[in-house]
Amino acid sequence: MKHVRRALVVFINILIILIVVIFGIKGLGEEVYPAIADKLFGVEGIYGTSGEQKEIIKKPVHAEGREYCSKCHEEIYRKSDQGKHNFDCQTCHGAASDHPKMRLKVDSSREFCLGCHKATIGRDNETIRVLHNWENHGKDRVCTACHDPHHPWFD
Amino acid sequence: MTTTVVEGFVYPNHEVFWGVLIVIYPYFVSIITGMVTVYAIAEFWRKELKDIEKLVVISSLPFVLSALLPLLLDLGQPQRAFEIYLTPNFSSVMAVFGIVYLTELFTLLGEMWFLFRVDIVRMAQTESNKLLRLLYRILTLGVYDISEKAIKLDKKIIKILTGIELIAAWCLSYVSFLFGVVKSNPWWNTTILPVSFVFGGLAAGGAMVLLLYLAFTRAYGIERKPNIISTVANYAFYFMLAAFALETINTILYAYKEDIAWAVIKLASTELAVPLAIQVIGSLEALLFLKYVCYRCNLGKIDTPFIAIASVTILVVVFAMRWNMVIGAQLIDYSLRGFVSYTPPLWGREGLIAALGVLVAPFIMLPVVAYIFPPYERKLRAGL
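Residues numbered from 1 in each chain as written. Chains lettered and ligands numbered in written order. Predicted model: local features only at pLDDT ≥ 70, side-chain atom pairs only at ≥ 80, totals over all residues. Heavy atoms only, no water.

Before going further, it helps to spend a moment on the overall build of chain A. Scanning chain A from N- to C-terminus turns up 7 helices and 0 strands. When the elements of chain A are put in sequence order from the N terminus, they spell out α-α-α-α-α-α-α. Every one of the 155 residues in chain A was classed for burial, and the buried ones make up 17%. As displayed, chain A has an accessible area near 11,900 Å², and 62% of this comes from carbon and sulfur atoms. (Helix = DSSP H or I, 4+ residues; strand = E, 2+ residues; numbered from the N terminus. Buried < 20%, exposed > 50% of the residue type's maximum accessible area, 1.4 Å probe, protein only. Areas by Shrake-Rupley, 256 points an atom, 1.4 Å probe, with all protein chains shown as cover.)

Glancing now at the overall build of chain B. In terms of regular secondary structure, chain B is built from 15 helices and 2 strands. Here chain B, with 384 residues, has 51% of them falling under the buried criterion. Taking contacts inside chain B between residues at least 6 apart in sequence as the whole, the part at least 24 apart equals 80%. Accessible surface, chain B: about 17,200 Å² in total, of which carbon and sulfur atoms supply 70%. (Contact = heavy atoms within 4.5 Å.)

Right, let's talk about the confidence of the model for chain A for a bit. On average, residues of chain A score 83 in pLDDT, and 88% of them reach the 70 mark or higher. Across chain A, element-level confidence peaks in helix H1 (residues 2-28) of chain A with a mean pLDDT of 92 and bottoms out in helix H3 (residues 51-58) of chain A with 63. (pLDDT = per-residue confidence, 0-100.)

What follows covers the interface of chain A and chain B. Tallying the contact residues gives 25 residues for chain A and 27 residues for chain B. Interface area for chain A against chain B, summed over the two sides, is near 2,200 Å², with a carbon-plus-sulfur share of 72%. For the pair chain A and chain B, the number of links is 0 salt bridges. For the pair chain A and chain B, the interface holds 6 residue pairs in polar contact (both at pLDDT 80 or more). Contributing elements (two or more residues each) for the side of chain A that touches chain B: H1 and helix H2 (35-40) of chain A. If you tally residues by element for the side of chain A that touches chain B, the top one is H1(A), at 13 residues. (Buried area = accessible area lost by both parts, 1.4 Å probe. Salt bridge = Lys/Arg side-chain N within 4 Å of Asp/Glu carboxyl O. Polar contact = N/O pair within 3.5 Å; in protein donor to acceptor, adjacent residues only side chain to side chain.)

Our focus in this paragraph is the pattern of salt bridges. Residue and element names in this part refer to chain B. The tally for this structure, following the rule as stated, stands at 12 salt bridges over all chains. Of the charged contacts, one joins Arg-46 and Glu-48 as a salt bridge, the two residues approaching to 3.2 Å between their closest N and O atoms. The class of Arg-46 is partly exposed, set by a relative accessible area of 31%. Taking relative accessible area as the criterion, Glu-48 reaches 27% and is therefore assigned partly exposed. In this structure, Glu-53 and Lys-50 form a salt bridge, with 3.3 Å as the shortest nitrogen-oxygen distance. Given a relative accessible area of 34%, Lys-50 falls into the partly exposed group. Through salt bridges with shared partners, a single ionic network connects Glu-43, Lys-50, Glu-53 and Lys-159.

Right, let's talk about the packing of helix H11 (residues 273-298) of chain B against helix H12 (residues 304-326) of chain B for a bit. When two helices pack together, their arrangement is captured by the angle between the axes and the distance separating the axes. Residues and elements named next belong to chain B. Closest axis-to-axis distance for the H11/H12 pair is 8 Å, and the angle between their directions is 150°. On the basis of the axis angle, H11 is roughly antiparallel to H12. Two packed elements cross with a definite hand, and for H11 against H12 that hand is left-handed. When H11 is examined against H12, the residues Pro-275, Leu-276, Ile-278, Gln-279, Gly-282, Ser-283, Glu-285, Ala-286, Phe-289, Leu-290, Tyr-292 and Val-293 are found in contact with a partner set consisting of Phe-306, Ile-307, Ile-309, Ala-310, Thr-313, Ile-314, Val-316, Val-317, Ala-320, Met-321, Trp-323 and Asn-324. (Axes fitted to C-alpha atoms, helices over the stretch in contact; angles between N-to-C directions. Parallel < 35°, antiparallel > 145°, perpendicular 65-115°, else oblique. Left-handed = near helix turned anticlockwise from the far one by under 90°.)

Before going further, it helps to spend a moment on the side chain of His3(A). Within the secondary structure layout, His3(A) lies in helix H1. In this structure the side chain of His3(A) is engaged in a polar contact, spanning 3.5 Å, whose partner is the side chain of Arg117(B). If we ignore the near neighbours within four places in the chain, the residues touching His3(A) are Trp113(B), Phe114(B), Arg117(B), Val143(B), Ala150(B) and Asp154(B).

Moving on: the nonpolar core. All names here are of chain B. Residues Ile-52, Trp-187, Phe-216 and Ile-314 are the most contacted members of the largest nonpolar core, which totals 120 residues. If one sorts the elements of this core by residue count, helix H1 (residues 20-44) sits on top with 18 residues. Built from parts of two domains, this core gets at least three residues from each of domain 1 (17-183 + 343-378) and domain 2 (184-342). In contact with Ile-314, not counting residues within four places along its chain, are Ala-203, Ala-204, Ala-207, Ala-236, Met-240, Ala-286 and Leu-290. (Core = buried A, V, L, I, M, F, W, Y, C linked by side-chain atoms within 4.5 Å. Domains from an automatic or database assignment.)

Compared with an ideal rise of 1.5 Å per residue, which puts 32 residues at 46 Å, helix H9 (residues 226-257) of chain B spans 46 Å between its outermost C-alpha atoms and is within 8% of the ideal. Two residues or fewer after H9(B) comes Glu258(B), characterised by a positive phi angle close to 50°. (Expected span 1.5 Å × (residues − 1).)

Within the secondary structure, Ser196(B) sits in helix H8 (residues 192-219). Residue contacts for Ser196(B): discarding those within four places in its chain leaves Ala243(B), Leu246(B) and Glu247(B).

Residues and elements named next belong to chain B. Closest axis-to-axis distance for the H8/H12 pair is 9 Å, and the angle between their directions is 150°. As for the relative orientation of H8 and H12, their crossing is left-handed in sense. Where H8 abuts H12, its residues Leu-193, Phe-197, Gly-200, Gly-201, Ala-203, Ala-204, Ala-207, Met-208, Leu-210, Leu-211 and Leu-214 lie against Thr-304, Ile-307, Ala-308, Ser-311, Val-312, Ile-314, Leu-315, Val-318, Met-321, Arg-322 and Met-325. Broken down by class, the residue content of the contact of H8 with H12 amounts to 17 nonpolar, 4 polar and 1 charged. (Nonpolar A, V, L, I, M, F, W, Y, C, P; charged D, E, K, R; others polar.)

Our next topic: the packing of aromatic side chains. Under the counting rule described, the total for this entry stands at 18 aromatic pairs over all chains. Both rings, one in Phe44(B) and one in Trp45(B), keep their centres 6.0 Å apart while their planes meet at 70°; by these two values the pair is edge-to-face. By relative accessible area, which is 31% here, Phe44(B) ends up partly exposed. A centroid spacing of 5.7 Å and a plane angle of 50° characterise the contact between Phe82(B) and Tyr85(B), whose relative ring orientation is tilted. On the basis of relative accessibility, which here comes to 28%, the residue Phe82(B) falls in the partly exposed class. An aromatic cluster is present here, built from Tyr33(A), Phe82(B) and Tyr85(B) joined pairwise through their rings. Over the face of the ring belonging to Phe116(B) we find Lys54(B), whose NZ or CZ atom lies 5.4 Å from the ring centre. Its guanidinium or amino end placed over the ring of Phe237(B), Lys291(B) lies 4.6 Å from that ring's centre, counting from NZ or CZ. (Phe/Tyr/Trp six-rings, centres within 6.5 Å; stacked < 30°, edge-to-face > 60°. Lys NZ or Arg CZ within 6 Å of the ring centre and 35° of its normal.)

Residues and elements named next belong to chain B. Structurally, the position occupied by Ala-243 is in helix H9. The buried category is assigned to Ala-243, whose relative accessible area is 0%. Considering only alpha carbons, one finds Ala-243 and Phe-197, 46 residues apart in sequence, at a separation of 6.5 Å. Other than its neighbours up to four places away in sequence, Ala-243 contacts Ser-196, Phe-199 and Gly-200.

Listed below in C-alpha cells is the structure:
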C-alpha cells in the first residue's frame, strides 16, 4: 500500500538523518561538540576536555624530586621548609617538565588556595585546616595579600 | 543538609544528589507505561475501550516528550546531553534508556499517525485554517487513500506498533527503576521492587486515563460511558493491589527476618514518615474508592467526584512511592550509621518551582496536541 510505503520512507529517512548527524558530530571531534556548546554556556574544561587542557594532557609528564627546585630557588625552598606548606613544590606549580626553559604555572587566585582549604565531602577536616567561613575570610582579596604561599603562617 | 549524631558517630559523609526532579522522572515514565498499557488493553482485549483509544494516544505524547525534561534539568552540563548518543556504551543503563526511549517515541508517533490517518485526510480537505490545512496536507504524505482495504491495513499495523510500544514502555519503566535499585540501600535493593513499581506505574497510568477521560468528555461535551470507566478502574484496582501487595509482602518478610533491611526501614521510616503514611493510607483509600467506582458503574451510575478522588489519590500515592524510593534510598548512609534529611530548594534548576514546571509541562502541551489531533469530533466543542 502506498501510504505505508511512504511512512516507511519518512521513518527511514529520519533514522538516516539521525545516524548521519551522530557520525557527523562525532567526526568533527570534541573541539566542535561539546566544546562549542560548552563555550555558549561559559563552561570551561570540566572533565578535562577544553582544548588547552587536552594539549597539556598529550605532553609527557616529567616530574622532578623536591630537591631539584632548591638548586635555583634556594630562598623559597628554605622558607617553605620551615612552614606547613613544606610539601612538594610541584603540587602547586605543576610538574617541572623542561623548567626553567618552560614556564611553570603560578596561580594566586582564591579558588586555588580554597581548593585545599575549603571543606570537601569525603575528606575529614583535620587533614588540612579548613576555613569554615571561607566566603568572609579575607573577603574580596587574594589570599597571597596576607599569606605568603610558601610560608603561610605569620611568624 | 543537616548532620545527625547516631550512637556517637557523626555521619553521613554524603549528600542527597538526586533531588525532586529524579522523583518526577520515574513518575512520568510510570504514567507513560500505564497509559500505553491501557491502550494495549483497548487494542487487544477490551473492545469497549475503543472509544478512548485516540484520547490515550494523544495524551501519552506530551508525557513522553516531558519525560526528558527532568533528566535534562538534573544534568550538571545539560548542553552535553546529546553526548549520550555519540558515545554509546551498552554497559550503561543510561545508554539503554536512550535507545528504549527513542523506540518508544517513534512507535508512539507511528501509532498516532496510523490511528489519525483517516482524520488527517479528511481534515486536509475540509480544514478552513490555511496553516493547519497545510500541516494536515504534509501529514497525509500525499496519499488520500482511505478505502476499506487501506484502513484494514492501518489497523493491522497499529496492532504491531502497539506490541512494540508496549514492550518498549515496560522496558523503559523497568530500566528506570532498576537504575534506582542498583544504587539503593537494602530496603529497596530487591529484585521484586522494580516489578512492584511497574505495577504501581500501571495503576497511575490508569488513573491518569480516568482523569483525562473526565476532562475531555467535559470539554467536548460527550456522554460518559460507565463501562469504560468501570473497565479502566477495574484494571487500575488490580494493578494497585499488585503493587501494594508486593511491597507489603516484601516489608513483612523483612520484619520477620529482622535483617539489615529492617534496620534500614526502622531508621528511614522516621525520616520518611509523611510520604510513607501517604503511601500506605492512600493505597488503601484508593483501592476502596476504585472498587466502589466499579460497583457503581456496573449499576450504570457515574459518581464523578469519587472517580476524581480515587484517581488523584492514586497519582499522589504513586508519587509518594517514587519519592520514598529515590529520596529515601539516599537518606541512609551506606554505613547504615546515620542519615541526612532532604528539603528541596525553592528556586534553582533543581528546585520546587522547576519541578512544578516539569509536572505542569505535559498539561500545557496536551491542549496543543489535542487541537491538532482532536480525539473526538471537533464540532461538538463549538456547542460548549
